Amino acid sequence: MSNTTLTADVIAKEAVAILENELLMAKLCYRGYENEFDNKVNGYKVGETVSIRRPTDFTVRDGKTAAVQDVVEGKIPVTVDKQKGIDFKFTSQDLTLQIGELGERVIRPAMLQLANQVDIDMMALYNRFPRQVTIPSGGIDSFADFALAPTLMDSCSLPQEGRASVLSPSNYWSLLGSQTALYMNDVAKGAYRNANLGMIGGVDTYMSQNVPTHTTGARTGTDTADLSVVDGTFTWAATKDSTSITFHIDGAASDTAGYWKKGDTFTISDLYDVNPVTKARLSHLKQFVVTADATTASSEGDVSIWPPIILSGAHKTCDLSTGTIDDNTITYKGVASTVYTENLFFTKNAMALTMVPMVKPPGAVDVGRRTYKGISVRVIPYYDGTNDDSNWRLDVLYGTDVIDPRLAVRASLAADI
């Protein structure tokens, strides 16, 4: 069979199939928002945005008398602001190869790098999740360690369907080793021979070298809440389109740069979590996450946090056992200025990846653009007359965002490798 000169469209078709196969997080998160970007035939540019709806909530009526509730949905923007690409040169001889040979030699290595970047950007969303458990020293090396996160998910009534976890290599292999000692023959065989954990306790389990790390802020001293919060201070109507509220904290031992780091989590004494379905108080304190780095001034400071402190109604987030939280003690998760590995447990609707076809630029003669299972790749060749080189660029355009921070749990471990 004679060779055929490869075109941008043929290379784009091969590239998009390889990229889709190499992605991990893209297959575990919500992908439906691509449908919102469907009205531009020529494609999209960096910075274009759609608004997505936040789920509303309701309370249950007691008795036969109707109590009609307004449907008040929040909305937040998803922006396709990440343009990533790989650039390379093909010789004329390269372009007469079979696509399979060129795919293995050039396209697959390039797509592996690109897939890793997409996964890194997805996992970087960890610092928007307030719910967190601390893994004991030694890592996730038993079912009991693994079960800490799903237990919290169950306590908070997170959906059972579509749960997944992504563990760091050391935690994955530690857990894998613990499975080989099990009496269950198929489980032990899969763990030992195929390095396969599969589903554990209803959670599909994966490994990624892109699991992020978080360095906690320098927070020291006995910090306290400096905000008189009562029922009605924060409401769903006022916060439904926001991703943070402003919270004032006192008691810092010193004015320190990086006192609070984005992703730090904390609890407030006497402020408890609630079951999102029944609104009943749970046994553990409500967890909050810092959404932007902040520095103290005069031993205090304003901090952006999430979720809002809503004390009643269908969107109740907390239950307060005292009259107000003013002067209540702040307790941070983890040790100050310490690096933690952030293994992630989540359901599909916690995060979204939105990847769209890129615009075919005016003046580009040969543009290859292919979409496969929601993954879009654009390939453009261009000639460098100065150096007599045939250059090729491959681009993707996407956005990542947290859709519902309640639907994920961070399993944090200090001193991981």
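What you see is a predicted model, and the numbers here were worked out from it, not measured in a lab.

Our next topic: the pairing of strand β2 (residues 75-80). A one-sided burial pattern is seen for β2, the buried positions being Ile76, Val78 and Val80 and the unburied ones Lys75, Pro77 and Thr79. Here six bridges tie strand β1 (residues 48-53) to β2, and the two strands are oriented antiparallel to one another. Bridge pairing in β2 places Val50 opposite Val78.

Glancing now at unusual backbone geometry. A cis amide bond, omega 5°, links Trp306 with the succeeding residue Pro307. In this structure, Pro307 sits in the loop between β13 (300-306) and β14 (318-320). Residue Ser298 is not a glycine yet carries a positive backbone phi of 55°. Of note in the backbone geometry, Lys373 takes a positive phi value of approximately 50° without being a glycine. With respect to the element layout, Lys373 can be found in the loop between β18 (368-372) and β19 (375-384).

As for its placement among the helices and strands, Asn171 is situated in helix α4 (residues 169-179). A distance of 2.8 Å separates the side chain of Asn171 from the backbone nitrogen of Ile140, its partner in a polar contact.

Another point: the confidence of the model for the protein. Put simply, the protein has an average pLDDT of 85, and 89% of its residues get 70 or more. Confidence drops under a pLDDT of 50 for residues 191-195, and excluding neighbours within four residues, the segment shows ten contacts in the predicted structure.

On to the environment of Asp226. Structurally, Asp226 is set in the loop between β9 (221-225) and α6 (236-239). Accessibility expressed as a relative area gives 28% for Asp226, which makes it partly exposed. Put simply, Asp226 and Asp326 are 100 residues apart on the chain and 5.2 Å apart in space, counted from C-alpha to C-alpha. Contacts of Asp226, omitting those with residues within four sequence positions, involve His248, Ile249, Asp250 and Asp326.

Before going further, it helps to examine the side chain of Arg131. Within the element layout of this structure, Arg131 appears in the loop between α2 (99-123) and β4 (132-134). Within the structure, Arg131 has its side chain in polar contact with the backbone oxygen of Arg406 (distance 2.7 Å). Other than its neighbours up to four places away in sequence, Arg131 contacts Leu152, Cys156, Leu158, Asp273, Lys286, Gln287, Arg406, Ala408, Val409 and Arg410.

Here we come to the nonpolar core. The biggest cluster of nonpolar side chains holds 69 residues, and the ones touching the most others in it are Leu19, Met111, Phe345, Phe346 and Met351. A total of ten residues in this core trace back to one element, the largest contributor, which is α2. When sequence neighbours within four positions are dropped, the list of residues in contact with Met351 reads Met25, Cys29, Tyr30, Met122, Leu125, Phe129, Phe346, Asp401, Val402 and Ile403. With 26 residues, the next largest nonpolar core counts Ala225, Val290, Ala294 and Leu320 among its residues.

Let's shift gears to the pattern of salt bridges. Should the charged atoms of two oppositely charged side chains come close, the side chains can pair. Tallied over the entire structure, the rule returns 17 salt bridges. Across the salt bridge formed by Asp395 and Arg378, the nearest N and O atoms sit 3.5 Å from each other. Of this pair, Asp395 sits in strand β20 (residues 389-402) while Arg378 sits in strand β19, placing them 17 residues apart in sequence. Of the two residues, Asp395 and Arg378, both sit in the buried class. Each of the salt bridges in this network shares a partner with another, and the network as a whole consists of Glu22, Glu104 and Arg108.

A word on the packing of aromatic side chains. For the structure on display, the rule yields six aromatic pairs. With a centroid separation of 6.3 Å and 40° between ring planes, the pair formed by Phe247 and Phe266 is classed as tilted. Of the two residues, Phe247 sits in strand β10 (residues 245-252) while Phe266 sits in strand β11 (residues 265-274), which places them 19 residues apart along the sequence. Phe266 gets classed as buried once you look at its relative accessible area, which sits at 1%. Ring centres of Phe266 and Phe288 lie 5.7 Å apart, and the angle between their planes is 25°; this geometry places the pair in the stacked category. Here the residue Phe266 occupies a position in strand β11, and Phe288 occupies one in strand β12 (residues 281-290), the gap between them amounting to 22 residues. Comparing Phe266 with Phe288 shows no difference in burial state: the two are buried. Three or more aromatic residues joined by ring pairs form one cluster here, namely Phe247, Phe266, Phe288 and Tyr332.

Rules and cut-offs
- Counting of residues starts from 1 at the beginning of each chain's written sequence and follows it residue by residue.
- The model is predicted, so local features are restricted to residues of pLDDT at least 70 and side-chain atom pairs to those at 80 or more, both for listing and for counting; the totals for chains, interfaces and linings are taken over all residues.
- Computation of side-chain values covers all heavy atoms of the structure but excludes hydrogens and water.
- Categorising residues by exposure relies on relative accessible area from a 1.4 Å probe, with only protein chains included: less than 20% of the type maximum marks a residue as buried, more than 50% marks it as exposed, and the intermediate range marks it as partly exposed.
- Runs of H or I in DSSP of at least four residues are treated as helices and runs of E of at least two as strands, each being numbered from the N terminus.
- DSSP calls a pair of strands paired once it identifies at least 2 bridges connecting them.
- N or O atoms closer than or at 3.5 Å make up a polar contact, with two conditions inside protein: a donor-capable atom paired with an acceptor-capable one, and, for residues adjacent in sequence, both atoms drawn from side chains.
- Looking at any residue, its pLDDT shows the predictor's confidence there, from 0 to 100.
- Residues are treated as being in contact if the distance between any of their heavy atoms lies within 4.5 Å.
- Take the buried Ala, Val, Leu, Ile, Met, Phe, Trp, Tyr and Cys residues and link them wherever side-chain atoms come within 4.5 Å; each set so joined is a nonpolar core.
- Within this document, salt bridges are pairs made up of a side-chain nitrogen of Lys or Arg and a carboxyl oxygen of Asp or Glu, the two lying within 4 Å of each other.
- The pairing test for Phe, Tyr and Trp rings, Trp by its six-membered ring, is centres within 6.5 Å, and the orientation test on the planes gives stacked under 30 degrees, edge-to-face over 60, and tilted for anything in between.

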